[in-house]
Amino acid sequence: MRDIESRYLHRLSEMFPTIAATSTEIINLQAILSLPKGTEHFLTDIHGEDEAFAHVLKNGSGAVRRKVQEVFGNTLSAKDMQSLATLIYYPKEKIEQIKKQEVHIEDWYKITLYRLVKVCKAASSKYTRSKVRKALPKDFAYIIDELINERADDGDKDSYYNEIVCSIIKVGRAEEFIVAMGELIQRLVVDHLHIVGDIYDRGPGPHKIMDKLMEYHSVDIQWGNHDVLWMGAAAGQLGCITNVIRICARYGNLDLLEDCYGINLLPLATYALNTYKDDPCTCFQLKGEPLINAEEQELNIKMHKAISILQFKVEGQTIKERPEYKMADRNLLESVNYEEGTITLRGEKYDLLDANFPTIDPKNPNLLTKEEVDILNRLEQGFLNCEKLQKHMRFLLNKGGLYKVYNNNLLFHGCVPLAKDGSLKEIEIYGQTYKGKALYEALEVYVRKGFFALNDEERQRGKDLMWYIWLHENSPLFGKDKMATFERYFIAEEITHKETKNPYYEYINQEETANMILDEFGLITKEAHIVNGHVPVKSKKGESPLKSNGKVLVIDGGFSKAYQKETGIAGYTLIYNSYGLILVSHDPFESKESAIEKESDIHSETIVVKRTKERKRVGDTDVGKELLGQIVDLEKLLDAYRNGTIIERG
Ligand SMILES: O=P(O)(O)OC[C@H]1O[C@](O)(COP(=O)(O)O)[C@@H](O)[C@@H]1O
Ligand SMILES: [Mn+2]
């Protein structure tokens, strides 16, 4: 036996000290391999819509409903099944509602508990008993275990069952028990969650989404451009900080920074009120339907303008400090003629809709005033020292990355930048050229350096690169030729607002391109898929989320209310269970109250993208491959015990 292997087997023998223990583990692992593959759930572009997110998480994009159907399809009416599903999503709220209507509440408890146990049994059948046990709520672990695991040799199963249920009701614990069962079923129907980017911006509750994700049982995240923007802000990059605040201001979400993350915006507010006292700031109206009163709106609009100008100044400075980003044409404040109130872009002159720039020195437009430097310093400190924000960002760093290969699917938020001819685009990052997978990896390394590098210069490179990832034409997370923020505020001509997408978004309709990309990331092209978000699918205009013969799935979740008018639906989510891939389209989410009241799911339609010939087992998954590796090692240990090279401990 080679030295290393022998040492490894000795280590392993500490965990499995006897022939019996080793054999049992091999048998256990083999059993897991033959279980059906767990359900994966894919969500993207949640954009701060925490209620819609919570709802989709609760119903597993239809996975709960499917389980209910599977169990009661032949015995319950569609209405009863829907009520049961709603009870599973919102047990507390639904019980309150039922209690008001139901006269025979004890009977209802009995029937409901019976139904929930049946669904729970079905949902847990995919897992080992040990995994289910770990998921059980502490208070009811023993009882649930008894109820969902029938004992084969039990003569009088029904009366045993009835006794348990009756005593739960008698001791007044039925409600808590129903809640626990509802949450357990939610937990069991989805084994693993993928968030394909853009948790942050536009909606009011990204912090609540982060809190939910942090307690979720199994999740990975592919960062979106908006997430990286917040990461850059948390690392103290000024371009990112000003963009984050600007977007919060634009959507009437400054509360999120002040109240939820505790970042003091008072200096900015005072400065905005003084600077733009008599300025109506017409170009800086709020977007969406902000939940704030008129007075607050007025202040908000002034802050919106103030932070936008600060953003353009600090961005202009970064563009000059980083000539390697080749963004000179985006140094916009220096392209303005302040006397005329015009700007020249690509040789064309345009009038500015707003030319009141009291804080800009026309000779040096990107120069910050003393007061502005002070405000930015304080904001920087606010972001750097916000514990909650840092905790959320740490979670993104630990559970996330720029891309993920998982069970033969390639997941990323935006695109793989392509050249005009459809080949992988070569991109220079700090003097080195990368493309495809190597580009993704190089960028991710720099993001992490932005937080952790000891060397100041290297850390600053990482920080600035987060801003680059947010808006650069070569960023795989952005994938458009420019971010026309300035143009959309200041110029009427819509032609200047156009952001042209990277050729990826055209070429990806061709299977050849999809295969080339999958190949680049080491996937077996016949079976694999690309899953990306970022671009809302305009289904109203007949656009399909399936590209390249179903190889590519663009599942922009469309949670963002501001974008639903354009797309016509609330976007897509994806389910990958043991039978195949299911694309789910969603209707807009009204509110939690109406979901409970009307018992409505928001998934309106499901499209089966791929149905596997044979049900997929754990053995066919990445986890299965790992387990197989463990079995091989354990078999070696068993051999070693049997041929005397390792002695049993005991
Ligand atoms: O509509 P808003 O919120 O002002 O944002 C528009 C900007 O957002 C972007 O679409 C980027 O955000 P997404 O990643 O959500 O697409 C930019 O391309 C565009 O300039
Ligand atoms: Mn995006």
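Residues numbered from 1 in each chain as written. Chains lettered and ligands numbered in written order. Predicted model: local features only at pLDDT ≥ 70, side-chain atom pairs only at ≥ 80, totals over all residues. Heavy atoms only, no water.

1. Description of the overall build of the protein chain
Then, number 1: Each helix and strand counted, the protein chain has 27 helices and 17 strands in total.
Then, number 2: Computed over its C-alpha atoms, the radius of gyration of the protein chain comes to 28 Å, within 12% of the 26 Å expected for a compact globule of 650 residues.
Then, number 3: Reported as C-alpha extents along the three principal axes, the dimensions of the protein chain are approximately 95 × 75 × 45 Å.
Then, number 4: For the protein chain, the proportion of its 650 residues judged to be buried stands at 55%.
Then, number 5: Here the analysis covers contacts within the protein chain between residues at least 6 apart in sequence; of these, 72% occur between residues at least 24 apart.
Then, number 6: Here the protein chain has roughly 29,600 Å² of accessible surface; of this, 48% comes from carbon and sulfur atoms.
Then, number 7: Of note, the protein chain has its 86 positive side-chain charges centred 3 Å away from the centre of its 99 negative side-chain charges. (Helix = DSSP H or I, 4+ residues; strand = E, 2+ residues; numbered from the N terminus. Rg over C-alpha atoms; globule rule 2.2 N^0.38 Å. Buried < 20%, exposed > 50% of the residue type's maximum accessible area, 1.4 Å probe, protein only. Contact = heavy atoms within 4.5 Å. Areas by Shrake-Rupley, 256 points an atom, 1.4 Å probe, with all protein chains shown as cover. Lys, Arg positive; Asp, Glu negative; His and termini not counted. Charge placed at Lys NZ, Arg CZ, Asp CG, Glu CD.)

2. Focus on helix H11 (residues 174-189)
Then, number 1: Taking 1.5 Å per residue as the helical rise, H11 with its 16 residues ought to reach 22 Å, and the 22 Å between its terminal C-alpha atoms agrees with that figure.
Then, number 2: The element H11 is largely enclosed, with a buried count of 12 among its 16 residues.
Then, number 3: Buried within H11 are the following residues: Ala174, Phe177, Ile178, Val179, Ala180, Met181, Gly182, Leu184, Ile185, Gln186, Leu188 and Val189. (Expected span 1.5 Å × (residues − 1).)

3. A look at the site of ligand 1
Then, number 1: Taken together, the neighbourhood of ligand 1 is formed by 15 residues, with His226, Tyr251, Lys287, Glu499 and Tyr563 sitting nearest.
Then, number 2: Arg202 places a polar side-chain atom, nitrogen or oxygen, 2.8 Å from an oxygen atom of ligand 1.
Then, number 3: With respect to ligand 1, the side chain of Arg250 contributes an N or O atom lying 2.7 Å from an oxygen atom.
Then, number 4: When ligand 1 is considered free in solution it has 470 Å² of accessible area, and contact with the protein chains removes 91% of it.
Then, number 5: Across the shell around ligand 1, the residue classes break down as 4 nonpolar, 4 polar and 7 charged. (Near = heavy atom within 4 Å. Polar contact = N/O pair within 3.5 Å; in protein donor to acceptor, adjacent residues only side chain to side chain. Nonpolar A, V, L, I, M, F, W, Y, C, P; charged D, E, K, R; others polar.)

4. Some remarks on the domain arrangement of the protein chain
Then, number 1: Segmentation of the protein chain into domains returns domain 1 (3-35 + 621-642), domain 2 (40-196 + 533-591 + 608-616) and domain 3 (206-213 + 244-285 + 294-384).
Then, number 2: Domain 1 and domain 2 are separated by 35 Å when their C-alpha centres are compared. (Domains from an automatic or database assignment.)

5. Overview of the packing of helix H13 (residues 225-234) against helix H21 (residues 456-471)
Then, number 1: Close contact between H13 and H21 brings their axes to 8 Å; oriented N to C, the two are set at 155°. Viewed along their axes, H13 and H21 adopt a mutual orientation that is roughly antiparallel. Once H13 is placed against H21, the crossing between them reads as left-handed. Across the interface between the two elements, Asn225, His226, Val228, Leu229, Met231 and Gly232 of H13 pack against Met466, Ile469 and Trp470 of H21.
Then, number 2: The residue makeup of the contact of H13 with H21, split by class, is 6 nonpolar, 3 polar and no charged. (Axes fitted to C-alpha atoms, helices over the stretch in contact; angles between N-to-C directions. Parallel < 35°, antiparallel > 145°, perpendicular 65-115°, else oblique. Left-handed = near helix turned anticlockwise from the far one by under 90°.)

6. A word on the nonpolar core
Then, number 1: Residues Leu213 and Tyr504 are the most contacted members of the largest nonpolar core, which totals 187 residues.
Then, number 2: The residue makeup of this core includes at least three contributed by each of domain 2 (40-196 + 533-591 + 608-616) and domain 3 (206-213 + 244-285 + 294-384).
Then, number 3: In terms of nonpolar packing, the next biggest core, distinct from the first, is built from 16 residues, Leu9, Leu29, Val618 and Leu634 among them. (Core = buried A, V, L, I, M, F, W, Y, C linked by side-chain atoms within 4.5 Å.)

7. Thoughts on the sheet that holds strand E4 (residues 336-337)
Then, number 1: If you trace the 3 strands from one edge of the open sheet to the other, you get E4-E5-E6, paired in antiparallel fashion. Looking along the sheet, the strands with just one partner apiece sit at the ends: E4 and strand E6 (348-351).
Then, number 2: Both E4 and strand E5 (residues 342-345) contribute to a ladder of 2 bridges, which runs antiparallel. Each bridged residue has a counterpart across the sheet, and for Asn337 the counterpart in E5 is Thr342. (Pairing = 2+ DSSP bridges.)

8. Some words on the confidence of the model for the protein chain
Then, number 1: When pLDDT is averaged along the protein chain, the result is 93; 98% of the residues meet or exceed 70.
Then, number 2: Taken together, the chains of this predicted complex give a pTM of 0.94 and an interface ipTM of 0.96. (pLDDT = per-residue confidence, 0-100.)

9. So, the sheet that holds strand E9 (residues 409-412)
Then, number 1: Here we have 5 strands laid out as an open sheet, ordered E8-E9-E12-E14-E13, and mixed in their pairing. This sheet does not close on itself; its edge strands, each paired only once, are strand E8 (403-406) and strand E13 (546-547).
Then, number 2: Of the strand pairs in this sheet, E13 and strand E14 (residues 552-554) are connected by 2 bridges, and their pairing is antiparallel. In the sheet register, Leu546 faces E14, and the bridge partner there is Leu553.
Then, number 3: Relative to the sheet, helix H24 (residues 511-520) contacts E9, strand E12 (529-532) and E14, its axis offset from that of E12 by approximately 90°.

10. Considerations on the pairing of strand E1 (residues 40-43)
Then, number 1: Neither face of E1 is exposed, since Glu40 and Phe42 on one face and His41 and Leu43 on the opposite face are all buried.
Then, number 2: Of the pairings in the sheet, the one linking E1 to strand E2 (residues 192-195) comprises 4 bridges and is parallel in character. Bridge pairing in E2 links Phe42 to His194.
Then, number 3: Here 3 bridges tie E1 to strand E15 (residues 572-577), and the two strands are oriented antiparallel to one another. Residue pairing for E15: His41 is matched across the bridge by Ile575.

11. Focus on a negative patch on the surface
Then, number 1: A cluster of like negative charges, contributed by Asp255, Glu258, Asp259, Glu295, Glu296 and Glu298, occupies part of the molecular surface.
Then, number 2: Contributing elements (two or more residues each) for the negative patch: helix H15 (254-260) and helix H17 (294-321).
Then, number 3: By secondary structure assignment, the location of Glu258 is in helix H15. (Patch = residues over 30% accessible without salt bridge, like charges linked within 9 Å, V, L, I, M, F, W, Y side chains within 5 Å. Salt bridge = Lys/Arg side-chain N within 4 Å of Asp/Glu carboxyl O.)

12. A closer look at the side chain of Thr513
Then, number 1: Examined against the element boundaries, Thr513 turns out to sit in helix H24.
Then, number 2: Setting aside residues up to four positions removed in sequence, Thr513 forms contacts with Leu418, Tyr507 and Ile508.

13. Concerning the packing of aromatic side chains
Then, number 1: Scanning the model with the defined rule gives 23 aromatic pairs in all.
Then, number 2: A centroid spacing of 6.1 Å and a plane angle of 85° characterise the contact between Tyr114 and Tyr161, whose relative ring orientation is edge-to-face. Highlighted residues: Tyr114 in helix H7 (residues 105-124) and Tyr161 in helix H10 (residues 157-170), separated in sequence by 47 residues.
Then, number 3: A ring pair is formed by Phe357 and Phe490, whose centres lie 5.6 Å apart and whose planes are at 50°; its orientation type is tilted. One end of the pair, Phe357, is in the loop between E6 and helix H18 (370-384); the other, Phe490, is in helix H22 (residues 485-490), and 133 residues separate them in sequence.
Then, number 4: Judged by relative accessible area, Phe357 falls into the buried class, the value being 9%. (Phe/Tyr/Trp six-rings, centres within 6.5 Å; stacked < 30°, edge-to-face > 60°.)

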